[in-house]
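Below, each chain spelled out in residue letters.
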Amino acid sequence: MAQATHVETELADQPACWRRAAALADDRKVIDALPAPGERVAVVGCGTSYFMARAYAALREGAGQGETDAFAASEFPSGRRYDRIVALTRSGTTTEVLALLADVRGTTRTTAITADPATPIRDAADDLIVLDFADERSVVQTRFATTALTLLRARLGLHSDAVAVDGETALAQPLPDSLLECTQFTFLGRGWSVGLAEEGALKMREASLSWTEAYPAMEYRHGPISITTEGTATWMLGDAPDGLAEQVTATGGLWVAGGLDPLAELVRVQRLALALAGRRGLDPDSPRHLTRSVILPAS
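Quick caveat: nothing in here was measured; it's all calculated off a predicted structure.

Here we look at the overall build of the protein
Consideration 1: When helices and strands are counted, the protein shows 12 helices and nine strands.
Consideration 2: Relative to the globule expectation of 19 Å for 299 residues, the C-alpha radius of gyration of the protein, 19 Å, shows essentially globular dimensions.
Consideration 3: Here the C-alpha coordinates of the protein stretch approximately 55 × 45 × 40 Å along the principal axes.
Consideration 4: Sorting the 299 residues of the protein into buried and exposed places 55% on the buried side.
Consideration 5: Relative to all contacts within the protein whose residues are 6 or more apart in sequence, the contacts with residues 24 or more apart total 71%.
Consideration 6: On the protein, roughly 12900 Å² of surface is accessible, and the fraction owed to carbon and sulfur atoms is 50%.

Here it is as structure tokens:
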């Protein structure tokens, strides 16, 4: 039997990590480090962490906690003022995140959520939340990203153990053979799950070199549906707009209804990415052109 890859092992650990993160949400240090209701907040990250930032921003603002924006760290609008910046960084070494935190030092309170505190992030942020139990050896992120989002979601009162139960279901259910035969994948979301749809598409690119796209569900009709046909899959993370499933089915494409919590649906997407990587002879622990952290040379 082939030895499991790092990413396979880490992917399977997610429900357990989510339970640990949810338990941390009521820790006094975590409460003090995260935004208080009413604060104007920016959430930043790179790659996967940026997509988790987008999901959290939508959740926080939707929960009435205050205006919340999300940015790729390299695109943060320097002239805009916030009460707090929350940075998501698994490695604690990403160049763009560290540069942004240095730029706002002393003017804006900052919180970093990381898996590794023994990195430059320790001194770069005012407050630090460490999720070392969700750290990863893999380049392709799975459990750290979803665990960080679970912590944030739980702090908003929007998480329950039913999410972890759905995650266990996502790990146990076999993937449909028809999905494994598809050659192009589109992921759709609404509200906070748009960020998860974008992350699902990224996982498919990173691990399996698949042709993937992601959109807000209502935008899908405004052009992207034109590529949908036999051999393509359209996967909804969360509740679909009325009539969309029927429209996709009419094109001949495969419609995948996301019946689980959107975070658990993301686990199913991660599994699909690994399954396709295996079929294509790819090593998901060594994705093409990628490293675990992007560290740029000093200019």
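Structure shown, so let's carry the discussion forward.
Let's talk about the sheet that holds strand β5 (residues 127-130)
Consideration 1: Overall, parallel pairing links the five strands, which are arranged β2-β1-β3-β4-β5 in an open sheet. Every other strand in the sheet has two partners, leaving β2 (68-72) and β5 as the edge strands with one partner each. Across this sheet, the average inter-strand angle for adjacent strands is 20 degrees, counted without regard to direction.
Consideration 2: Bridge count between strand β4 (residues 109-114) and β5: four bridges; the pairing is parallel. Its bridge partner being in β5, A112 is matched across the sheet by L128.
Consideration 3: Lying over the sheet, helix α4 (residues 48-62) contacts β1 (41-45), β2 and β3 (84-89), oriented at roughly 170 degrees with respect to β2.
Consideration 4: Packing of helix α7 (residues 143-155) onto the sheet brings it into contact with β3, β4 and β5, and relative to β4 it is tilted by some 130 degrees.

Digging into the layout of surface pockets
Consideration 1: In this model, the second largest pocket occupies a volume close to 200 Å³.
Consideration 2: In terms of lining residues, the second largest pocket is bounded by A73, S74, F76, S78, R81, E96, A99, L100, D103, V104 and T107.

Overview of the side chain of E213
Consideration 1: Along the polypeptide, E213 turns up in strand β7 (residues 211-216).
Consideration 2: The buried charged residue E213 lacks any salt bridge partner; its closest oppositely charged side chain belongs to R205, at an N-O distance of 7.4 Å.
Consideration 3: Of the polar contacts made by the side chain of E213, one reaches the side chain of Y215; its length is 3.2 Å.
Consideration 4: Discounting chain neighbours no more than four positions away, the residues touching E213 are Q184, F185, T186, F187, A201, R205 and I227.

Some remarks on unusual backbone geometry
Leaving glycine out, the prevailing phi sign among residues is negative, and the prevailing peptide bond configuration is trans.
Consideration 1: Despite not being glycine, L209 has its phi angle at roughly 55 degrees, a positive value.
Consideration 2: Here L209 is to be found in the loop between α10 (193-208) and β7.

Some points on helix α5 (residues 95-103)
Consideration 1: Three or more residues of α5 are buried, namely V97, L98, L100 and L101. All buried residues of α5 project into a common sector of 160 degrees when viewed along the axis, lining one side. Among the exposed residues of α5, those oriented more than 90 degrees off its buried face are A102 and D103.
Consideration 2: Each element contacted by the buried residues of α5 is listed here: β1, β3, β4 and α6 (121-124).

Re the environment of A125
Consideration 1: For A125, the location among the structural elements is in the loop between α6 and β5.
Consideration 2: A125 has contacts with L101, R105, T110, T111 and A112, leaving out every residue within four places of it along the chain.

What about the pairing of β2?
The side chains of a regular strand alternate between the sheet's two faces.
Consideration 1: Relative to β2, β1 runs parallel, the two being bridged by five bridges. Within the sheet, the bridge partner assigned to G45 lies in β2 and is A72.

Quick notes on the pairing of β7
Consideration 1: Both strand β6 (residues 184-189) and β7 contribute to a ladder of six bridges, which runs parallel. If you follow G189 over to β7, its bridge partner there is P216.
Consideration 2: The β-α-β motif built from β6, the intervening α10 and the parallel element β7 has right-handed crossover chirality.

Brief notes about the sheet that holds strand β8 (residues 232-237)
Consideration 1: Reading across from one edge, β7-β6-β8-β9 is the order of the four strands in this open sheet, with parallel pairing throughout. Looking along the sheet, the strands with just one partner apiece sit at the ends: β7 and β9 (254-256). On average, adjacent strands in this sheet sit at an angle of 20 degrees to one another, irrespective of strand direction.
Consideration 2: Sheet topology note: the β8/β9 ladder contains three bridges and is parallel. Note on β9: the bridge partner recorded for A233 is L254.
Consideration 3: Here helix α12 (residues 262-279) sits on the sheet in contact with β6, β8 and β9, set at roughly 150 degrees to β8.

The rules behind the values
Residues numbered from 1 in each chain as written. Predicted model: local features only at pLDDT ≥ 70, side-chain atom pairs only at ≥ 80, totals over all residues. Heavy atoms only, no water. Helix = DSSP H or I, 4+ residues; strand = E, 2+ residues; numbered from the N terminus. Rg over C-alpha atoms; globule rule 2.2 N^0.38 Å. Buried < 20%, exposed > 50% of the residue type's maximum accessible area, 1.4 Å probe, protein only. Contact = heavy atoms within 4.5 Å. Areas by Shrake-Rupley, 256 points an atom, 1.4 Å probe, with all protein chains shown as cover. Pairing = 2+ DSSP bridges. Axes fitted to C-alpha atoms, helices over the stretch in contact; angles between N-to-C directions. 1 Å grid on protein atoms, 1.4 Å probe; cavity = no way out; pocket = protein on both sides within 12 Å on 5 of 7 lines; lining within 4 Å. Points joined across faces, edges and corners; volume = space filled by probe spheres on them. Lys, Arg positive; Asp, Glu negative; His and termini not counted. Salt bridge = Lys/Arg side-chain N within 4 Å of Asp/Glu carboxyl O. Polar contact = N/O pair within 3.5 Å; in protein donor to acceptor, adjacent residues only side chain to side chain. Arc of directions from axis to C-beta. Right-handed = clockwise from strand over helix to strand, strands pointing away.

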